[in-house]
Amino acid sequence: MLEGFETLRMARDGVALHVRRAGQGTPLLLLHGHPQTHAMWHRVAPQLAQRFSVVLMDLRGYGDSGRPAAGDASAAYSKREMARDALHVMRELGHPRFQVLAHDRGARVAHRLALDHADAVQRMLLLDIAPTLPMYRNTTEAFARAYWHWFFLIQPPPLPEALVESDPARYVRSVMGARHAGLSVFAPEALGEYERCAAIPGTAAAVCADYRAGAGIDLQHDQQDADAGRRLAQPLCVLWGEHGAVGRCFDVPALWRAAADDFTGRSLPCGHYIAEEASALLLEETFAFLRSNP
């Protein structure tokens, strides 16, 4: 997968960051979701690299990036810290301004990145999320059943960590296989990567810290923005799966219009894993929305 992409090892504040890059032109950052790695982009990144300077990275706690200690309030895994990782990588590669395509947890990092560093993010395409704060505040039984891991992983240690660590591959397959398309949509090489990285020591603790931050310090940051009337100023496009829980349980357009000045978006005929379930449609939408010329 991703043949021809250069592999780089970078770091910020002692945290190793695994980065891949290819292509020339306008810089485009791709951020993955849970429980995946940058490999989730393997069906679209090579085509994107024909028009963009594509940068893929593993979020801290995932893939082959570092797994720092969570710290108080799991602050090391706040989306603010993850966004700083992404900004550092792009600046180190000579891209002070760039566009973003992001999915799931990576899309939450991208949301924070665009709020905290508005001058750096030019345009943003997010996949299958609504803003975190109203998702937690408006949780229903249907959403809690579909996104059970949101509530399992935030339980106090060490129980969630121990259960994930007991069989990391089973955890990956349980989360991903229970969704609309099942496991058959994933390339064996990609699924193998997700399972390999889930078994790296420290992954379970890092993933739990990511979700504990999402239900704690991240909500504090989001509420501060809401209280200050801070909104996304960049052009924003959001795509969601019509068979996914986010679109079924939330009014995705209404929530993003409340958070962004310039919103467009629609559902696609797939489930949660858009880049792997509907890669051709995603490429069409990406080329239509993002700008390939400086």
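Summary of the structure given here. Everything quoted here is computed from the prediction, not taken from an experiment.

## As for the packing of helix 7 (residues 159–166) against helix 8 (residues 168–177)
Phase 1: At their nearest, the axes of helix 7 and helix 8 sit 5 Å apart, and the two run at 100° to each other. The angle between the axes of helix 7 and helix 8 places the two elements in the roughly perpendicular class. Here Val164, Glu165 and Ser166 of helix 7 lie close against helix 8, whose contacting residues are Pro168, Arg170 and Tyr171.

## A look at the sheet that holds strand 5 (residues 98–103)
Phase 1: Strand order in the open sheet formed by eight strands is 1-2-4-3-5-6-7-8, and the pairing between neighbours is mixed. Two strands bound the open sheet, and with one partner strand each, they are strand 1 (6–12) and strand 8 (260–268). Shown here is a sheet whose adjacent strand axes are inclined to one another by a mean of 20°, direction ignored.
Phase 2: Relative to strand 4 (residues 52–57), strand 2 (residues 15–22) runs antiparallel, the two sharing four bridges.

## Some details on helix 2 (residues 79–92)
Phase 1: With 14 residues, helix 2 should reach 20 Å at 1.5 Å per residue; the first-to-last C-alpha distance of 20 Å fits that figure.
Phase 2: Buried residues of helix 2: Lys79, Glu81, Met82, Ala83, Asp85, Ala86, Leu87, Val89 and Met90, and no others.
Phase 3: Positive phi appears at Gly94, one or two residues downstream of helix 2, with a value of about 85°.

## Concerning the side chain of Ser78
Phase 1: With respect to the secondary-structure elements, Ser78 resides in the loop between strand 4 and helix 2.
Phase 2: Here Ser78 is in contact with Ala213, Ile217, Asp218 and His221, once residues within four sequence places are set aside.

## Topic: the packing of aromatic side chains
Phase 1: With the rule as written, the count across this model stands at 10 aromatic pairs.
Phase 2: Their ring planes at 75° and their centres at 5.1 Å tell us that Phe143 and Phe250 sit as a pair that is edge-to-face. Highlighted residues: Phe143 in helix 5 (residues 141–146) and Phe250 in the loop between helix 12 (245–249) and helix 13 (252–257), separated in sequence by 107 residues.
Phase 3: The class of Phe143 is buried, set by a relative accessible area of 0%.
Phase 4: Classification of Phe250 by relative accessible area gives buried; the value is 9%.
Phase 5: Ring pairing ties together the aromatic residues Tyr136, Phe143, Tyr147, Trp150, Phe151 and Phe250, which thus form one cluster.

## Structural notes on the pairing of strand 2
Phase 1: Of all eight residues that make up strand 2, six are buried, and the element is covered over most of its length.
Phase 2: Sheet topology note: the strand 1/strand 2 ladder contains seven bridges and is antiparallel. From the neighbouring strand, Glu6 faces strand 2, where its bridge partner is Arg21.

## Comments concerning the packing of helix 8 against helix 9 (residues 188–198)
Phase 1: Viewed as axis vectors pointing N to C, helix 8 and helix 9 meet at an angle of 130°, and their least axial separation amounts to 8 Å. By the angle class used here, helix 8 and helix 9 are oblique. Handedness of the helix 8/helix 9 crossing: right-handed. In this structure, helix 8 uses Pro168, Ala169, Val172, Arg173 and Met176 to contact helix 9, whose residues at the interface are Leu191, Tyr194, Glu195 and Ala198.
Phase 2: Counted by class, the contact of helix 8 with helix 9 contains seven nonpolar, no polar and two charged residues.

## Concerning the nonpolar core
Phase 1: Judged by nonpolar contacts, the single largest core of 107 residues is most densely connected at Leu29, Trp41, Leu126, Trp256 and Leu282.
Phase 2: Broken down by element, the residue count for this core peaks at seven residues, all from helix 10 (residues 203–214).
Phase 3: Excluding anything up to four places from it in sequence, Leu126 contacts Ala102, Ala107, Ala110, Leu236, Cys237, Val238, Leu239 and Trp256.

## Some words on helix 9
Phase 1: For helix 9, the full list of buried residues reads Ala190, Leu191, Tyr194, Glu195, Cys197 and Ala198.
Phase 2: Tucked inside the fold, the buried residues of helix 9 contact helix 8, helix 10 and helix 14 (274–277).

## Focus on unusual backbone geometry
Phase 1: Geometrically, the link from His34 to Pro35 is a cis peptide bond, its omega value of -5° lying close to zero.
Phase 2: For the bond from Pro157 to Pro158, the omega torsion is 10°, close enough to zero to count as cis.
Phase 3: Following the sequence through the fold, Pro158 ends up in the loop between helix 6 (148–152) and helix 7.
Phase 4: Phi at Leu2 is positive, roughly 55°, even though this residue is not glycine.

## Details of the pattern of salt bridges
Phase 1: Considering all chains together, one arrives at 21 salt bridges under this definition.
Phase 2: The shortest N-O distance in the salt bridge between Arg84 and Glu81 comes to 2.5 Å. Highlighted residues: Arg84 and Glu81, both in helix 2, separated by three residues, approximately one helical turn.
Phase 3: Assessed through its relative accessible area of 35%, Arg84 is described here as partly exposed.

Each value, and the rule that gives it
- Residues numbered from 1 in each chain as written.
- Predicted model: local features only at pLDDT ≥ 70, side-chain atom pairs only at ≥ 80, totals over all residues.
- Heavy atoms only, no water.
- Axes fitted to C-alpha atoms, helices over the stretch in contact; angles between N-to-C directions.
- Helix = DSSP H or I, 4+ residues; strand = E, 2+ residues; numbered from the N terminus.
- Parallel < 35°, antiparallel > 145°, perpendicular 65-115°, else oblique.
- Contact = heavy atoms within 4.5 Å.
- Pairing = 2+ DSSP bridges.
- Expected span 1.5 Å × (residues − 1).
- Buried < 20%, exposed > 50% of the residue type's maximum accessible area, 1.4 Å probe, protein only.
- Phe/Tyr/Trp six-rings, centres within 6.5 Å; stacked < 30°, edge-to-face > 60°.
- Left-handed = near helix turned anticlockwise from the far one by under 90°.
- Nonpolar A, V, L, I, M, F, W, Y, C, P; charged D, E, K, R; others polar.
- Core = buried A, V, L, I, M, F, W, Y, C linked by side-chain atoms within 4.5 Å.
- Salt bridge = Lys/Arg side-chain N within 4 Å of Asp/Glu carboxyl O.

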